[in-house]
Amino acid sequence: MNRNLSFTQCLATSLATAILFTCLLLPQVSLAKDKISKKEKKEYQERVKTAFIKGWDAYMKYSKGLDAVNPISEKGHNWYAESLLMTPVDAFSTMYLMGLEKEMSEAKELIFSELNFDKDLEVQQFEIAIRILGGLISAYQLDGDQRFLDLAVNLADRMLPVFESPTGIPYRLVNLRTGATSGQGTNPCEIGSMMLEYGMLSKLTGDSKYYDLCKRGIVASFERRGKTGLQGSWIDQDTGEWADTRAHISGGIDAYYEYLLKGYLLFGDKDFLEMYEVSRDAVNKYLVDETSVEGEFWIGWADMNTGERISTRFGALDCFWNGCYVLEGDIERAEKLQASINKMWFLNDIEPEAIDYTTMQPFYKGAEYYMMRPEAIESTYYVWKATGNKTYYEQGKKMFESIEKYCQVDNGYVQLKDVRTKEKWDTLESFFFAETMKYCFLFFADDDVFDFEKYVLNTEAHPLFNTWDKGWKGNHHGIK
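Residues numbered from 1 in each chain as written. Predicted model: local features only at pLDDT ≥ 70, side-chain atom pairs only at ≥ 80, totals over all residues. Heavy atoms only, no water.

1. Things to note about helix 10 (residues 209-223)
Logical step 1: Helix length check: helix 10, at 15 residues, gives a terminal C-alpha distance of 21 Å against a target of 21 Å (1.5 Å per residue), a fit within 8%.
Logical step 2: Every buried residue of helix 10 is listed here: Y210, Y211, C214, K215, G217, I218, V219, A220, S221 and F222. (Helix = DSSP H or I, 4+ residues; strand = E, 2+ residues; numbered from the N terminus. Expected span 1.5 Å × (residues − 1). Buried < 20%, exposed > 50% of the residue type's maximum accessible area, 1.4 Å probe, protein only.)

Printed below as a string of structure tokens:
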């Protein structure tokens with residue numbers, strides 16, 4: 001493998017080859033799909049839009065200009081000392097897919113009048129990259145307004161110092177004004193799950209630095225993988241030494257693997273495909289667990305070097321893996337894992353953060369919460385689109401109904417402190433708009449609303465245009 005393949009070399013990759021491989025990865029859904037009435041789909045489209053608008057109206061009424069809303073207490077909050085407009089930026093791509101012109105105008109007015117990155121703030125680069133950088137890039141591609149791209153470039157340039165480590169593995173934190181970095185020690189997710197955003201920025205600007213710096217960190221982490229082929233949980237950027245050798249697909253590692261596969265789909269860079277295949281084979285060999293609970297398929301934790309199983313934990317974030325199974329065409333495993341995801345979600349009519357799958361109890365004290373995560377709904381959507389089996393459509397519909405029933409309040413939507421008691425948690429983070437409502441909507445949307453052959457979704461569910469055509473400016477390309 002030529003793991004130093006640069007952005008410039010990647011540009012030379014045949015577009016035809018990349019698109020062909022994308023089409024091969026996407027499962028061929030039988031034309032004999034179980035019929036679902038157009039009337040029902042239309043009804044649910046409108047219900048999801050209504051839920052999204054209710055949440056957005058709460059944001060605009062109680063927290064306009066802040067990062068997120070607290071609907072019950074009728075106030076808002078920021079992640080840092082000053083707002084970065086997380087909710088408007090994160091919500092825009094979903095507004096676009098839903099065709100919400102009024103809400104799009106409100107978000108654009110806020111973004112272009114108030115969003116400014118010249119702030120003396122230390123931010124978590126990974127979260128800002130997937131939410132704000134990804135949201136701005138997607139908004140530019142969907143809407144065509146140059147100001148979105150200008151903001152994205154300004155933000156990315158302020159965060160680039162994180163890659164200035166001896167190994168190339170990025171630091172976690174960066175000051176947006178000074179460029180000072182901190183955050184000694186990091187995890188694979190914060191090393192690799194910015195590749196789509198920085199890589200797309202290189203595509204749109206023609207400047208290879210974003211692509212090459214981000215890829216360097218991913219390669220550095222991959223080359224330090226365990227003897228099993230798995231990534232560990234915590235690594236030092238300066239020395240390249242692992243401080244925590246626990247391997248899993250949960251938070252802290254999850255989107256690292258997701259972006260290896262999607263990095264190939266979006267950029268045609270075969271290095272990413274090879275790294276993904278090594279990682280996938282290791283997950284299937286060492287983390288997949290079909291023996292702890294007879295007849296069930298789970299994914300647990302193991303040591304990255306020995307492969308010894310060390311935990312039977314599975315949680316909300318782990319559900320993303322089914323999207324990888326579907327995109328690579330492994331439908332047999334995808335349907336097995338979907339059965340487990342469905343079981344976890346409906347144990348209490350809505351999913352907890354993490355369970356011990358041998359007991360189906362919360363894995364640790366405090367893991368009873370539901371913070372409106374989208375990954376189980378995302379998984380169900382992918383399997384539904386891959387198989388056309390109405391069972392998965394019905395599962396997705398029931399998941400949306402769970403959110404409606406338990407998370408809706410008079411002034412919007414909130415998270416849950418405990419899925420068993422359904423006690424409310426007065427906060428609504430931006431990914432409710434970017435991801436959870438988007439996947440709910442796509443279940444019921446017309447087929448031409450979203451096309452997997454034209455777009456790749458980043459881990460925050462922002463659509464990124466799937467060609468090397470940098471000259472495109474806001475044409476719909478299949479999104480109506």
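2. Some words on the pairing of strand 18 (residues 415-418)
Logical step 1: Here strand 18 runs beside strand 19 (residues 423-425); their pairing, made up of three bridges, is antiparallel. Looking at the pairing, D418 lines up with E423 of strand 19.
Logical step 2: As consecutive antiparallel partners, strand 18 and strand 19 are separated by four residues, and within that stretch K422 has a phi angle of approximately 65 degrees, a positive value. (Pairing = 2+ DSSP bridges.)

3. Regarding the packing of helix 13 (residues 321-328) against helix 14 (residues 331-346)
Logical step 1: Between helix 13 and helix 14, whose axes approach to 8 Å, the crossing angle comes to 155 degrees. As far as their axial angle goes, helix 14 and helix 13 are roughly antiparallel. Crossing of helix 13 over helix 14 shows left-handed handedness. Each of W321, N322, Y325 and V326 in helix 13 lies in contact with helix 14, whose residues at this interface are I331, R333, A334, L337, Q338 and I341.
Logical step 2: Classifying every residue of the contact of helix 13 with helix 14 by side-chain character gives seven nonpolar, two polar and one charged. (Axes fitted to C-alpha atoms, helices over the stretch in contact; angles between N-to-C directions. Parallel < 35°, antiparallel > 145°, perpendicular 65-115°, else oblique. Left-handed = near helix turned anticlockwise from the far one by under 90°. Contact = heavy atoms within 4.5 Å. Nonpolar A, V, L, I, M, F, W, Y, C, P; charged D, E, K, R; others polar.)

4. Section: the sheet that holds strand 13 (residues 313-315)
Logical step 1: Judged by pairing direction, the sheet is antiparallel, and its three strands sit side by side in the order 13-14-15 without closing on themselves. The sheet is open, and its two borders are formed by strand 13 and strand 15 (361-362), each paired with just one other strand.
Logical step 2: As paired strands, strand 14 (residues 354-356) and strand 15 are joined by two bridges and run antiparallel to one another. Following the sheet pairing, I355 is matched in strand 15 by P362.

5. Quick look at the sheet that holds strand 4 (residues 173-175)
Logical step 1: Sheet architecture is open: three strands sit in the order 3-4-5, paired in antiparallel fashion. Looking along the sheet, the strands with just one partner apiece sit at the ends: strand 3 (122-124) and strand 5 (181-182).
Logical step 2: In the sheet, strand 3 pairs with strand 4 via three bridges, with the strands oriented antiparallel. Bridge pairing in strand 4 places V123 opposite V174.
Logical step 3: Against the sheet, helix 6 (residues 125-143) engages strand 3 and strand 4, with an angle of about 70 degrees to strand 3.

6. Focus: unusual backbone geometry
Across residues other than glycine, the phi torsion is negative in most instances, and most of the peptide bonds are trans.
Logical step 1: Non-glycine residue D349 carries a positive phi angle of around 70 degrees.
Logical step 2: Under the relative-accessibility criterion, D349 is labelled partly exposed at 35%.
Logical step 3: We note that A461 has phi near 70 degrees; this positive angle belongs to a residue other than glycine.
Logical step 4: Structurally, the position occupied by A461 is in the loop between strand 20 (455-457) and strand 21 (463-465).

7. A few points about the confidence of the model for the chain
Logical step 1: Residues with a pLDDT of 70 or more make up 90% of the chain, whose mean pLDDT is 92.
Logical step 2: Contacts of residues 12-32 to residues separated by more than four positions or lying in other chains number 29 contacts, the stretch itself having pLDDT below 50.
Logical step 3: Note on residues 469-480: pLDDT under 50 across the span, and 32 contacts to partners over four residues away in sequence or across chains. (pLDDT = per-residue confidence, 0-100.)

8. A few points about the environment of M195
Logical step 1: Relative to the assigned elements, M195 resides in helix 9 (residues 195-205).
Logical step 2: Judged by its relative accessible area of 0%, M195 is buried.
Logical step 3: Each C-alpha atom of the pair M195 and M344 lies 31 Å from the other, and the pair is 149 residues apart in sequence.
Logical step 4: Excluding residues within four positions of it along the chain, M195 makes contact with M200, Y211, C214, K215, I218, Y259, F267 and F272.

9. Comments concerning the side chain of D303
Logical step 1: When you line up the elements, D303 lands in strand 11 (residues 301-303).
Logical step 2: Of the side chains with opposite charge, R246 lies nearest to the buried D303, which makes no salt bridge, at 8.4 Å.
Logical step 3: In contact with D303, other than residues within four places in its own chain, are T228, T245, E308 and I310. (Lys, Arg positive; Asp, Glu negative; His and termini not counted. Salt bridge = Lys/Arg side-chain N within 4 Å of Asp/Glu carboxyl O.)

10. Section: the packing of aromatic side chains
Logical step 1: Using the criterion set out here, one finds 35 aromatic pairs in the structure.
Logical step 2: With a centroid separation of 5.9 Å and an interplanar angle of 80 degrees, the aromatic rings of F320 and W321 are classed as edge-to-face.
Logical step 3: The exposure class assigned to W321 is buried, which follows from its relative accessible area of 0%.
Logical step 4: Their ring planes at 40 degrees and their centres at 6.1 Å tell us that F443 and F444 sit as a pair that is tilted.
Logical step 5: Here F443 falls in the buried class, since its relative accessible area comes to 1%. (Phe/Tyr/Trp six-rings, centres within 6.5 Å; stacked < 30°, edge-to-face > 60°.)

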